[in-house]
Amino acid sequence: MTAVRVAGALFVDLGEGREDRRTGHIRWSRPPRARYECLRCGTTEGPVTGAAAVARFVATIRTTHPTRCTTTHEGTRAA
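The structure presented is a predicted model; accordingly, all values stated were derived computationally and were not measured.

(A) Structural view of a nonpolar patch on the surface. Residues Val12, Leu14 and Val58 make up a contiguous nonpolar surface patch of roughly 270 Å² in combined accessible area. Mapped onto the fold, valine 58 is located in helix H1 (residues 51-68). Assessed through its relative accessible area of 34%, valine 58 is described here as partly exposed.

(B) Summary view of the pattern of salt bridges. On inspection of all chains with the given rule, the structure shows six salt bridges. Its salt-bridge partner being arginine 30, residue glutamate 16 comes within 3.4 Å of it at the nearest N-O pair. One end of the pair, glutamate 16, is in strand S2 (residues 16-19); the other, arginine 30, is in strand S3 (residues 26-30), and 14 residues separate them in sequence. Note on glutamate 16: relative accessible area 47%, which makes it partly exposed. Residues joined by salt bridges that share partners form a network here, namely Asp13, Glu16, Arg30 and Arg33.

Rules used throughout
Each residue is numbered by its place in its chain's sequence as written, counting from 1. In keeping with the model being predicted, local features are shown solely for residues with a pLDDT of at least 70 and side-chain atom pairs are shown and tallied solely at 80 or more, while totals for entire chains, interfaces and linings include all residues. The basis for the side-chain values is all heavy atoms of the structure; hydrogens and waters are excluded. Patch construction takes residues with relative accessible area above 30% that form no salt bridge. Like charges are linked within 9 Å, and nonpolar side chains (Val, Leu, Ile, Met, Phe, Trp, Tyr) are linked within 5 Å. Computed with the Shrake-Rupley method and a 1.4 Å probe, the accessible areas treat only the protein chains shown as cover for residues. Any carboxyl oxygen of Asp or Glu within 4 Å of a side-chain nitrogen of Lys or Arg constitutes a salt bridge here. Per the convention used, a helix needs a DSSP run of H or I reaching at least four residues, while a strand needs a run of E reaching at least two, with both numbered from the N terminus. Any residue under 20% of the maximum accessible area for its type is buried, any over 50% is exposed, and the rest in between are partly exposed; the area is computed with a 1.4 Å probe on protein chains only.

Here is the structure:
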């Protein structure tokens, strides 16, 4: 059995909106938003708001945050 280590938590709120039948656009009463919390270095990235911004953030945060993380791969704080 392999041990799994959690490095971070990605929180995504899909928001609440309705499609406008005339235009096809969504009218948001609560727009989508997302944030990432690194459990290694203790930083939070985001929140980002808006459907397009959330989609970009979710697609890239797991690869971009490690380049900015202040800890080593072993999980200890970098000197």
